Every structure is written in C-alpha cells, then in structure tokens.
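Observations on chain architecture
What follows is the residue order along each chain.
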Amino acid sequence: MRKRFIGTALLAVSTLLGATQTMADDYPERPVSLMVSYGAGGATDFQARLVSMMANNENYLGEPIVVINKPGAGGRVGWNWFASDAEADGYTLAAYNVPHFLAQSIEGGVRYDADSFEPIANWGADPAVVVVAADSEFNSIQELLEHAAENPGKVTVSGAGLYVGHHIAALQIQKAIGGKLAYIPTKGGGAAAMKAVIAGNVVAGINNLSDAYRAREAGNVKILAVADTQRSEQFLPDVPTLMEAGYEVDNASVNYRGFMVPADTPASVIDFLAARVPDMFSDPKVAEQMAAGGSGVQVMNREEVQAMWAARQETLNDLLANL
C-alpha cells in the first residue's frame, strides 16, 4: 500500500510539473486581461491602454491585452479583488500604483500588502501637482497655501482617494503649512477629481501631472506646483516644485505605475512576462503616444521594481507614522 501511495504521489508531482512546463511553452495562447483599479479616462487607465497597445506584437506577448476597470475606494476595490479572486495563471494582470496600495496596506482594512503580488515591470512615474480652475483667484502656490493656513479646514481639495499619492501629498502639505486642508476623495478617481476642480466644486485639486497637463493644454486649469524634488522639464518647466516655493514636500507621493500578478503565479509565467514587458514599455511607439498625452516613461525591470517597492514601503512606514 505504501509503495502504491508513493507511486501515486510521484505521478501527481510529475503531472503537475508537466502541466507547468506546458503552460510555459504555450503561454500566452489567448488574450490577457489587465485590471485597472481606477475608472476609464483617468491617468492610470489612459496610460495602461497606451503601454499595452503593442502587446499583440510577436516580440512582446503575441496576444492582445484587454483593460478591465474595477474602480472604487481609491483602488481598494480592484486590488482586493485581485488579491483574493483573480486567477493566478498569467491571464489576469493588474496595474499597480505606488505609493497607493502600499500606503493603504499600512493603514489597514484591505486584503492585500506587498507580499500579495509579484511585480513584473514599471512603465512610468507621475508626480502629484496642485491645480486650480482656470478662472481661480489664486495664481501661485503661495497665494493658495497662505489662504489655506489662514482658513484651516475651509479650503476644499479634491483627490483620487484615501492614501493614494494625492492624499499623501495633501498630508505633507498640511504638515508643511501647519494647517488643515478639507481633502475630498472622489469616487471616480483622478478623472472625477479633475472634473470637480474644473466645475468649481472645490477650491483646488491634487492630481497627476499627466491629467493636469492635458487639462491645462485644454485651457481648463492652472498648475501651481509639483510635489517632487525637481521640476518636470519635459512637460512643466515653468511650474515650481513645492520645495522651491518653500514647503517641505518631497517626492513620496510620486505615482509609479506598472504591471503585477498574484503572488502564486507560476514562476515560468513571471519569467516570460519579466523578459518581454519592459521591452514593450520601451517601444518607441509607446513613448511617442505617452509623451503626446503628457505622460512620462520610466521603465524599470522586475528587480528594479522589487527594490523600489521595498524602498517605498520603508519611506511610507516612516512618513505615515509621523504625519
């Protein structure tokens, strides 16, 4: 009986290894889904569609990527689903946003943390910016924040959710001015947050540079400052950083975006994606379309993203403990 059991177990292991090898040889053999935790039209959705447009090329995946939106609660709805319900077979990827999902896991109340996912590659870095409507009375970041300091809790500011990059920037600004902003997380992500600014429903907004750039080009907003350690010479060379303006706000809120998979995805699939996706992100056609939309490209391979996640986790632990 014991010999029969051992033989059965070895056969099961052999079958599993064979199935894994078959998956590696055949993957991908059908379209791949990409879950985006924010609504259509926002920066993450917009960029995800651009960076994946070349997926069908045989040099990359050889199959198309189809974007699926699962917005809500600043990304929590989508990432909770991805951590607990998504199949770990390589046919359902997700767009990550850092610092968003890391900060949310530190604050708690979610079903994920950094160990729930495996990064594949990073496509860009999108700083937070402070914006006001085109007809706003405020023409500089100093005017806006001096008004906010003098009127604590009365200056309404829209953002894409709680403990996303926008919220991190707002918390840093509050600490820098020694006052309080009335931060309002919108249900529709960055697109809804920008609409609130343009419509005059809030005094100001904290949004992604890429969204704000397109809105400014359309004549809808003024961009007063960038929450980064240096100006965006590519898109906003005329806009100062908050640090330049005299406020202690660094680059902790810069939004890194890329692809990830569930933690228990087969290593063969992860290796395949890690070898192909960075090259797809670096394709000149992708860079051209990204630049046209005010979106910067910052490609990192899997190892570089793993290091970035670890560094951001440490930064956010310190930052959120002291805000």
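Summary of the structure given here. (Residues numbered from 1 in each chain as written. Predicted model: local features only at pLDDT ≥ 70, side-chain atom pairs only at ≥ 80, totals over all residues. Heavy atoms only, no water.)

So, the pairing of strand β3 (residues 92-98)
For β3, the buried fraction is high: 7 of the 7 residues fall into the buried class. Examined bridge by bridge, strand β1 (residues 32-36) and β3 share 3 bridges and lie parallel to one another. Each bridged residue has a counterpart across the sheet, and for Met35 the counterpart in β3 is Ala94. (Buried < 20%, exposed > 50% of the residue type's maximum accessible area, 1.4 Å probe, protein only. Helix = DSSP H or I, 4+ residues; strand = E, 2+ residues; numbered from the N terminus. Pairing = 2+ DSSP bridges.)

Let's talk about the packing of aromatic side chains
For the structure shown, the criterion picks out 16 aromatic pairs. Plain terms: the ring middles of Trp79 and Tyr112 are 6.2 Å apart, the flat faces sit at 75 degrees to each other, and that makes the pair edge-to-face. Of this pair, Trp79 sits in helix α3 (residues 76-84) while Tyr112 sits in the loop between α4 (100-107) and β4 (117-126), placing them 33 residues apart in sequence. Trp79 gets classed as buried once you look at its relative accessible area, which sits at 0%. A relative accessible area of 4% places Tyr112 in the buried class. Above the plane of the ring of Phe46 lies Arg214, whose end atom (NZ or CZ) is 4.1 Å from the centre. (Phe/Tyr/Trp six-rings, centres within 6.5 Å; stacked < 30°, edge-to-face > 60°. Lys NZ or Arg CZ within 6 Å of the ring centre and 35° of its normal.)

Remarks on the layout of surface pockets
In this model, the largest pocket occupies a volume close to 360 Å³. Lining the largest pocket are 20 residues; nearest its centre among them are Ala125, Pro127, Asp228, Ser232 and Gln298. Classifying every residue of the lining of the largest pocket by side-chain character gives 7 nonpolar, 8 polar and 5 charged. (1 Å grid on protein atoms, 1.4 Å probe; cavity = no way out; pocket = protein on both sides within 12 Å on 5 of 7 lines; lining within 4 Å. Points joined across faces, edges and corners; volume = space filled by probe spheres on them. Nonpolar A, V, L, I, M, F, W, Y, C, P; charged D, E, K, R; others polar.)

Describing the sheet that holds strand β6 (residues 156-159)
Sheet architecture is open: 5 strands sit in the order β7-β6-β8-β5-β9, paired in mixed fashion. Of all strands in the sheet, those bounded by a partner on one side alone are β7 (182-185) and β9 (221-227). Taking each pair of neighbouring strands and ignoring which way they run, the sheet shows an average axis angle of 30 degrees. By the bridge criterion, 4 bridges tie β6 to β7 in an arrangement that is parallel. Note on β7: the bridge partner recorded for Thr156 is Ala182. Contacting β5 (128-133), β6, β8 (204-208) and β9, helix α7 (residues 189-198) crosses the sheet at an angle of about 150 degrees to β8. (Axes fitted to C-alpha atoms, helices over the stretch in contact; angles between N-to-C directions. Contact = heavy atoms within 4.5 Å.)

Here's the deal with the pattern of salt bridges
Applying the stated criterion to the full structure yields 7 salt bridges. Of the charged contacts, one joins Asp126 and Arg257 as a salt bridge, the two residues approaching to 2.9 Å between their closest N and O atoms. In this pair, Asp126 is assigned in strand β4 and Arg257 in strand β10 (residues 255-262), connecting sequence segments 131 residues apart. Of the charged contacts in the structure, one is a salt bridge between Arg214 and Asp211, with a shortest N-O distance of 2.6 Å. Here the residue Arg214 and the residue Asp211 both occupy positions in helix α8 (residues 209-217), the gap between them amounting to 3 residues, near one helical turn. Judged by its relative accessible area of 7%, Asp211 falls in the buried class. (Salt bridge = Lys/Arg side-chain N within 4 Å of Asp/Glu carboxyl O.)

Quick word on the nonpolar core
Judged by nonpolar contacts, the single largest core of 86 residues is most densely connected at Phe101, Ile141, Leu144, Phe259 and Leu273. Looking at this core, the element that brings in the most residues is helix α9 (residues 267-281), giving 7 residues. Not counting residues up to four positions away in its chain, the partners in contact with Leu273 are Tyr27, Leu61, Leu93, Ile120, Val261 and Pro278. By size, the runner-up hydrophobic cluster in this structure holds 16 residues, among which are Val202, Val221, Val226 and Val239. (Core = buried A, V, L, I, M, F, W, Y, C linked by side-chain atoms within 4.5 Å.)

With respect to the environment of Phe117
Here Phe117 lies in strand β4. For Phe117, a relative accessible area of 2% puts it in the buried group. Residue contacts for Phe117: discarding those within four places in its chain leaves Trp79, Phe82, Ala83, Phe101, Tyr112, Met260, Val261, Pro262, Ala263 and Trp309.

Some points on helix α5 (residues 141-150)
Each full turn of the α-helix corresponds to 3.6 residues, which orients residues three or four apart in the same direction. Those residues of α5 that sit buried are Ile141, Leu144, Leu145 and Ala148. All buried residues of α5 lie within an arc of 85 degrees about the axis, which places them on one face of the element. Looking at the packing, one finds that the buried side of α5 touches β5, α6 (165-177), β8 and β9. (Arc of directions from axis to C-beta.)

Focus on the sheet that holds strand β2 (residues 65-69)
Taken together, 5 strands build an open sheet; the order of strands is β2-β1-β3-β10-β4 and the sheet is mixed. Two strands lie at the open edges of the sheet, namely β2 and β4, each paired on one side alone. Averaged over all pairs of adjacent strands, the angle between their axes in this sheet comes to 30 degrees, without regard to strand direction. With 5 bridges joining them, β1 and β2 adopt parallel strand pairing. Paired with Val32 across the two strands is Ile65, which belongs to β2. Against the sheet, helix α11 (residues 302-321) touches β3, β4 and β10, its axis set at about 80 degrees to β4.

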